[in-house]
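Listed below are the residues making up each chain.
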Amino acid sequence: MGASSWPSLEEIDAVKERVVEMSGADIQDVRVVVSPYRICPLGAHIDHQGGIVTAMTINMGLLLGFVPSRDAQVSVKSAQFHGEVKFSVDEVQCPNKVREEPDWSRYPRGALYALQNKGHHLTKGFIGFICGSEEHSSGLSSSAAVGIAYLLALERVNGKTISPEDNIELDRLIENGYLLLQNGILDQSAILLSKYGHLTWIDCKTRKHDNVYFSNLQNGQCQRSHGQATYKILLAFSGLKEPLIRNSGYNTRVSECKEAAEILLDAAGNGYMEPLLCNVDPVFFEAHKDLLKPNQAKRALHYFSENKRVKQGLEAWASGDLEDFGRLVSASGRSSIKNYECGCQEMIDLYEILLKAPGVFGARFSGAGFRGCCLALVDADRAEEAAAFVKQEYKKVQPAFASKISPARLVLICEPGDAAHVI
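Residues numbered from 1 in each chain as written. Predicted model: local features only at pLDDT ≥ 70, side-chain atom pairs only at ≥ 80, totals over all residues. Heavy atoms only, no water.

The next subject is the packing of aromatic side chains. Applying the stated rule across the entire model yields nine aromatic pairs. Relative to F126, the ring of F66 lies with its centre 6.0 Å away and its plane at 65 degrees, an arrangement referred to as edge-to-face. Placement of F66 in strand β2 (residues 52-68) and of F126 in strand β5 (residues 126-132) is noted, with a sequence separation of 60 residues between them. For F66, a relative accessible area of 2% puts it in the buried group. On the basis of relative accessibility, which here comes to 1%, the residue F126 falls in the buried class. Centroid distance F285 to F304: 4.8 Å. Interplanar angle 25 degrees. Geometry classified as stacked. In this pair, F285 sits in helix α7 (residues 282-288) while F304 sits in helix α8 (residues 294-318), placing the two residues 19 residues apart along the sequence. Note on accessibility: F285 and F304 belong to one class, buried. (Phe/Tyr/Trp six-rings, centres within 6.5 Å; stacked < 30°, edge-to-face > 60°. Helix = DSSP H or I, 4+ residues; strand = E, 2+ residues; numbered from the N terminus. Buried < 20%, exposed > 50% of the residue type's maximum accessible area, 1.4 Å probe, protein only.)

See below:
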């Protein structure tokens, strides 16, 4: 792994001690899954259409401490939620039971469902304790981080070695097959494939991926070189916390993208192809977009313009041009509002405040855009100044929502992280 500052030894030991309390095991036998949150600077809302996306993990996330149980029983407690989830790995998991379970219990059962679906026979359960920042997970793909954590724990106690690429597919099954969401593979890919200080790109059609080195990264640290500014990541939280699974807006927009693809493919004589915008020629879209209804045309325009921004952004990142990269990130944010039509007024206010903050190269929504936070890349030397500005201005325009988060946690200054792993 790289030089991420998270988790600290104190955080790891605290999780291990809770597992010892639950199981009576020796602390040396406790393993911990480190599953980071992620940001998507470019490539928002296009993974489900086979687009090219970018992502990196941050030095925040969740920890799942665990030891093998003596039988097939899984028993998990959470720092954020009451109660205890218990089930046997012998039980067959069915998606149609998902609404009968409390929210947080869906993910360990979903992990079992995904492994069963792919033919993995499990005989061992585990005793575990999971903790993360519930206050600061919205819009950072905490759901994928949770699913991956449970997958890695179940695989470890059952002696299974599964590649990151196969775990991406397994977590997709948790989200699509068990939770019945229509999202793509961006979140899982980012969490499992990221490399410290690099920008990960994933072609969601071909599943090809790579990590692009930032030219300013020297000796594992973000530093100044040739007069270029270094960066940090600002996360500014809106106070909106409604989970994606309860919001129909996301799935509606996915459907509109598919409808647009189907119409354009039929018009091009390619109706036999899967109705995804990645299968549509961008030139054909420009020439025939009048065939689409207004909402369909807007979703398609976001897809094609965002794909173009990703390709330009990868070049800017590789050359260390944060000004150009930031400009593209901000343009992505504008397209999310105008063309993908996501983000409520609170999120839009936060985005616009970040654009005015001192030292910010670029900003956009994080996650699906219906709740949670906005992200920004900021000059490292001005990160504190920018954070103070955002806090002050957001409290003016959205005092009720700003008051839902402690002032010290309203805006966080983060750094790049590593891929999910077990320690």
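What follows is about the packing of helix α2 (residues 106-117) against helix α3 (residues 142-157). Direction vectors running N to C along α2 and α3 enclose 60 degrees, while the axes themselves pass 9 Å from each other. Comparing the axis directions of α2 and α3 gives the class oblique. By crossing handedness, the relation of α2 to α3 is classed as right-handed. In this structure, α2 contributes Y107, P108, A111, L112 and L115 to the contact, and α3 contributes S143, V146, G147, Y150, L151, L154 and E155. The residue makeup of the contact of α2 with α3, split by class, is nine nonpolar, two polar and one charged. (Axes fitted to C-alpha atoms, helices over the stretch in contact; angles between N-to-C directions. Parallel < 35°, antiparallel > 145°, perpendicular 65-115°, else oblique. Left-handed = near helix turned anticlockwise from the far one by under 90°. Contact = heavy atoms within 4.5 Å. Nonpolar A, V, L, I, M, F, W, Y, C, P; charged D, E, K, R; others polar.)

The subject of this paragraph is helix α6 (residues 249-267). What sets the pattern is the α-helix's 3.6 residues per turn: residues three or four places apart point alike. End to end, α6 covers 28 Å across 19 residues, agreeing with the expected 27 Å (1.5 Å per residue, within 8%). Summarising the contacts, the buried residues of α6 are in contact with α7 and α8. Immediately beyond the C-terminal end of α6, within one or two residues, lies G269, with a positive phi of roughly 80 degrees. (Expected span 1.5 Å × (residues − 1).)

Right, let's talk about the nonpolar core for a bit. By size, the foremost hydrophobic cluster in this structure holds 126 residues, and its most contacted members are Y150, L235 and W317. With 11 residues, α3 is the single largest residue contributor to this core. Other than its neighbours up to four places away in sequence, W317 contacts M56, G197, H198, L199, V212, Y213, F214, S215, Y231, L322, F325 and L377. In terms of nonpolar packing, the next biggest core, distinct from the first, is built from 12 residues, I12, V30, L63 and C131 among them. (Core = buried A, V, L, I, M, F, W, Y, C linked by side-chain atoms within 4.5 Å.)

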